[in-house]
Structure formats: structure tokens, C-alpha cells
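Here is how the chains run, residue by residue.
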Amino acid sequence: MDSTQKPPATSQTSWVALGVLLLVVLAVGAGAFYLKGMLPATEQDADTVQALETQSDSTAPEEIEADLSAESPDEFDQEFDAAFAELEASLAE
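On a predicted model such as this, the values are computed, not experimentally measured, just so you know.

Calculation notes
- One numbering rule holds for all chains: residues counted from 1, following each sequence as written.
- Two thresholds apply to this predicted model, a pLDDT of at least 70 for residue-level local features and 80 or more for giving and counting side-chain atom pairs, whereas whole-chain, interface and lining totals are computed over all residues.
- Only hydrogens and water are removed before side-chain values are computed, so all heavy atoms of the structure are retained for them.
- Secondary structure elements are defined from DSSP: runs of H or I of at least 4 residues count as helices, runs of E of at least 2 residues count as strands, and each element is numbered from the N terminus.
- Buried, partly exposed and exposed residues are distinguished by accessible area as a fraction of the type maximum, computed with a 1.4 Å probe on protein chains only: under 20%, between the cut-offs, and over 50%, respectively.
- For accessible areas, the Shrake-Rupley method is used with a probe of radius 1.4 Å. Any residue's cover is judged against the shown protein chains and nothing else.
- Patch membership needs two things, relative accessible area over 30% and no salt bridge, and members are linked within 9 Å if like-charged or within 5 Å if nonpolar (Val, Leu, Ile, Met, Phe, Trp, Tyr).
- Salt bridges are defined as contacts in which a side-chain nitrogen from Lys or Arg sits within 4 Å of a carboxyl oxygen from Asp or Glu.
- Charge convention: Lys and Arg are scored as positive, Asp and Glu as negative, and His as well as the terminal groups of each chain are ignored.
- In this description, the location of a charge corresponds to atom NZ of lysine, CZ of arginine, CG of aspartate or CD of glutamate.
- pLDDT is a per-residue confidence score from the predictor, ranging from 0 to 100.

### Thoughts on the overall build of the protein chain
So, step 1. Scanning the protein chain from terminus to terminus reveals four helices and zero strands.
So, step 2. Counting helices and strands in the order they occur from the N terminus, the protein chain gives α-α-α-α.
So, step 3. Counting across all 93 residues of the protein chain, residues that qualify as buried make up 0%.
So, step 4. Of the roughly 8700 Å² of accessible surface on the protein chain, a fraction of 64% belongs to carbon and sulfur atoms.

Spelled out as C-alpha cells, the structure:
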């Protein structure tokens, strides 16, 4: 065997891969931390979530009609338009 041959660099390669993996995990964690502060958490959002949770998941026709009458289409349209306008305003900043 020739004394000038080097052994495979598997040890160095595994450390590089571990370092890259660590950087990716840190970047994802930092992104999640950053986005957590950007999400709105208002009382109105909590009310919306509560309203969605109280809807039935039954397939009985009377239950479906009760869920449909819980909010009128006009109210839904107004809330949707307001949310869209708020999104546009936040993106314009």
C-alpha cells in the first residue's frame, strides 16, 4: 500500500452534514418564532374559533340547516371583505 494515500474523509463529511442540519433546524426555529409574533391573536379571533367549534359535524339535515342559519351569507360577506381589506392594508405598509 502506498503511504501517500489518504483514508476516506467520512468523519469530516459527517460533521459537515451535522452542521448543515443544525443550521437548518435553527433557521426553521427562528422563522417559527418570528411568525408567532406576527399572527393576530385577538378576542374576535377567539370568538370566531369558538363559533366554528360549536358547529355540528352531523350529517342530519336539521343539524346542517341549523349550522347554515348560524351566520347569514351577508354577515359572512361583510366579515370576508373586512378581513381582505385588513390584509391589503397590512401588505401596503
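### Points about a negative patch on the surface
So, step 1. A cluster of like negative charges, contributed by E71, D74, E75, D77, E79 and D81, occupies part of the molecular surface.
So, step 2. Positionally, E71 belongs in the loop between α3 (61-69) and α4 (73-92).
So, step 3. On the accessibility criterion, E71 (31% relative accessible area) is partly exposed.

### Comments concerning the confidence of the model for the protein chain
Detailed reading of predicted coordinates is not advised where the pLDDT is low.
So, step 1. Of the residues in the protein chain, 67% have a pLDDT of 70 or more, and the chain-wide mean is 77.
So, step 2. The secondary-structure element of the protein chain with the lowest mean pLDDT is helix α2 (residues 43-54), recorded at 65, while α4 shows the highest, at 87.

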